[in-house]
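# Summary of structural features
Residues per chain, in single letters:
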Amino acid sequence: MASNTVRPEVRNGPHAHDVARRLLASAATLSYDPATEVDWETPLDKDFHGASPEWSTLYGTAYWREMTEAQRKELTRQEAASVASTGIWFEMILQQMVLRDIYAKDPTDPRFQWALTEIADECRHSIMFARGAQKLGAPAYRPHRVAVELGRAFKTVAFGEAAYAAILVAEEVLDVMQRDWMRDERVVPFVRTINNIHVVEESRHMKFARDETRKRLEKAGPLRRRIHALVIAIASYVIVTSMVNKDVYRHAGLDTERAVREARANEHHKALMRSSCAGLMEFLASARLLTRPALVFYKRANLI
């Protein structure tokens, strides 16, 4: 979640240390081991959805109305698995940026120790998502090759607020949908447990990302702010549009071409995404990161 390049103007003041200490204390008292907390042994019950149906990309469309209940449940299971796979992809980017950020830093610094704690969290989350997708009966969904290469470039060149804020976007979008899924009794129980674990532990990561974004922007001049605002928006667009792989429709037994067409035109899903990101957009606006060029990409991703 951090940058791979450390800029000289970034200082570790007492506030940064206090935030890191609080997060370490929280992690020590409230963390989970998915290997034992999640019920991996009980066979998948196909009477359940994989995600809240209202979050399906086809919910509210003509195609959705034609589908049987079994088809709807299979689609939400495939979509949940795709979101989990995208989460693994981005968490791998995050882990690399965190390691680069703390390379050769003071290991007694609470921020250094928090960074390692966050990496440990993300490792567990990635394994948890992988096992969850497998149990949902899904293949290995991967982002489009272009998205993969853009992610490779982003983790290599992004620094400071560009890294933190872009990751914050991905985490916030996941957080909102997973809060709905973990409370929904229509969702298969083991997925609800996975979502609960992720929501609890990612709340600490989001706190750190927001704090770091503000801190790194303190010394940013107008040009750097405008450039990074655009970089963050592009990264956010790539992340959000990669969450549901189009192959989910084929694996759910649907007509892929028709499903993709109706999903792209689905106003219900677009409105859901916009409403769920209201708080995030408020934060980005307060950080003066919603420039006109950046807004183009947020609107295309239906985040605003």
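Everything discussed here concerns the structure shown above.
Since the structure is predicted, the reported quantities are computational estimates derived from the model, not experimental observations. (Residues numbered from 1 in each chain as written. Predicted model: local features only at pLDDT ≥ 70, side-chain atom pairs only at ≥ 80, totals over all residues. Heavy atoms only, no water.)

Before going further, it helps to examine the pattern of salt bridges. If you walk through the whole model with that rule in mind, you get 20 salt bridges. In this structure, the salt-bridge partner of Glu66 is Arg258, at a minimum N-O distance of 2.9 Å. Taken together, the residues span a long stretch of sequence, with Glu66 in helix α3 (residues 62-66) and Arg258 in helix α11 (residues 256-264) at a distance of 192 residues. The partner of Glu201 in a salt bridge is Arg124, with the nearest N and O atoms 3.6 Å apart. Taken as a pair, Glu201 in helix α8 (residues 189-217) and Arg124 in helix α5 (residues 110-135) lie far apart in primary sequence, 77 residues in all. Taking the relative accessible area as the measure of exposure, Arg124 reaches 24% and is therefore partly exposed. What emerges from the salt-bridge pattern is a single network uniting Asp101, Arg111, Glu212, Lys215 and Arg216. (Salt bridge = Lys/Arg side-chain N within 4 Å of Asp/Glu carboxyl O. Helix = DSSP H or I, 4+ residues; strand = E, 2+ residues; numbered from the N terminus. Buried < 20%, exposed > 50% of the residue type's maximum accessible area, 1.4 Å probe, protein only.)

Tracing the backbone through its elements, the reader meets Ser126 in helix α5. Exposure remark for Ser126: the relative accessible area of 11% places this residue in the buried category.

With that out of the way, let us pick up helix α12 (residues 267-276). Restricting attention to buried positions, one finds in α12 the residues His269, Lys270, Leu272, Met273 and Ser276. What you see down the axis of α12 is that its buried residues fit within an arc of 160°, all on one side. Taken together, the buried residues of α12 touch α7 (160-183), α9 (222-241), α11 and α13 (278-286). A side-chain oxygen of the first residue of α12 lies 3.0 Å from the backbone nitrogen of His268; this N-cap is Asn266. (Arc of directions from axis to C-beta. Contact = heavy atoms within 4.5 Å. Polar contact = N/O pair within 3.5 Å; in protein donor to acceptor, adjacent residues only side chain to side chain.)

This part takes up the environment of Val83. Examined against the element boundaries, Val83 turns out to sit in helix α4 (residues 69-102). Judged by its relative accessible area of 8%, Val83 is buried. Placed 46 residues apart in sequence, Val83 and Phe129 show a C-alpha to C-alpha distance of 9.0 Å. Ignoring anything within four residues of it in the chain, the contact list for Val83 reads Leu174, Met177, Trp181, Met243 and Val244.

Moving on, we come to the nonpolar core. By size, the foremost hydrophobic cluster in this structure holds 91 residues, and its most contacted members are Leu58, Leu75, Val173, Tyr249 and Leu303. Filtering out sequence-adjacent residues up to four positions away, Val173 remains in contact with Val240, Met243, Met273, Cys277 and Leu303. (Core = buried A, V, L, I, M, F, W, Y, C linked by side-chain atoms within 4.5 Å.)

Before going further, it helps to spend a moment on α11. For α11, every residue scored as buried is listed here: Arg258, Ala259, Val260, Glu262 and Ala263. Next to the buried residues of α11 lie α3 and α10 (247-251). The N-terminus of α11 is capped by Asp255, whose side-chain oxygen sits 3.1 Å from the backbone nitrogen of Glu257.

Between α8 and α13, whose axes approach to 11 Å, the crossing angle comes to 20°. By the angle class used here, α8 and α13 are roughly parallel. As α8 packs across α13, the resulting crossing turns out to be right-handed. The segment α8 lies against α13, with Arg210, Thr213 and Arg214 engaging Gly279, Leu280 and Phe283. Residues belonging to the contact of α8 with α13 are distributed by class as follows: two nonpolar, two polar and two charged. (Axes fitted to C-alpha atoms, helices over the stretch in contact; angles between N-to-C directions. Parallel < 35°, antiparallel > 145°, perpendicular 65-115°, else oblique. Left-handed = near helix turned anticlockwise from the far one by under 90°. Nonpolar A, V, L, I, M, F, W, Y, C, P; charged D, E, K, R; others polar.)

The next subject is unusual backbone geometry. Unusually for a residue other than glycine, Ala104 sits at a positive phi of about 65°. Along the chain, the position of Ala104 falls in the loop between α4 and α5. Not every positive phi belongs to a glycine, and Arg288 is a case in point at roughly 60°. By relative accessible area, Arg288 is classed as exposed at 55%.

Let's shift gears to the packing of aromatic side chains. Applying the stated criterion to the full structure yields six aromatic pairs. Relative to Phe297, the ring of Tyr237 lies with its centre 6.1 Å away and its plane at 70°, an arrangement referred to as edge-to-face. Taken as a pair, Tyr237 in helix α9 and Phe297 in helix α14 (residues 292-300) lie far apart in primary sequence, 60 residues in all. Its relative accessible area of 22% is what places Tyr237 among the partly exposed residues. Put simply, the rings of Trp114, Tyr164 and Phe208 touch in pairs and so form one group of aromatic residues. Looking at Lys135, its charged tip hangs above the ring of Phe190, at a distance of 4.6 Å from the centre. Across the ring face of Tyr63, the terminal group of Arg258 is positioned such that the distance to the ring centre comes to 4.2 Å. (Phe/Tyr/Trp six-rings, centres within 6.5 Å; stacked < 30°, edge-to-face > 60°. Lys NZ or Arg CZ within 6 Å of the ring centre and 35° of its normal.)

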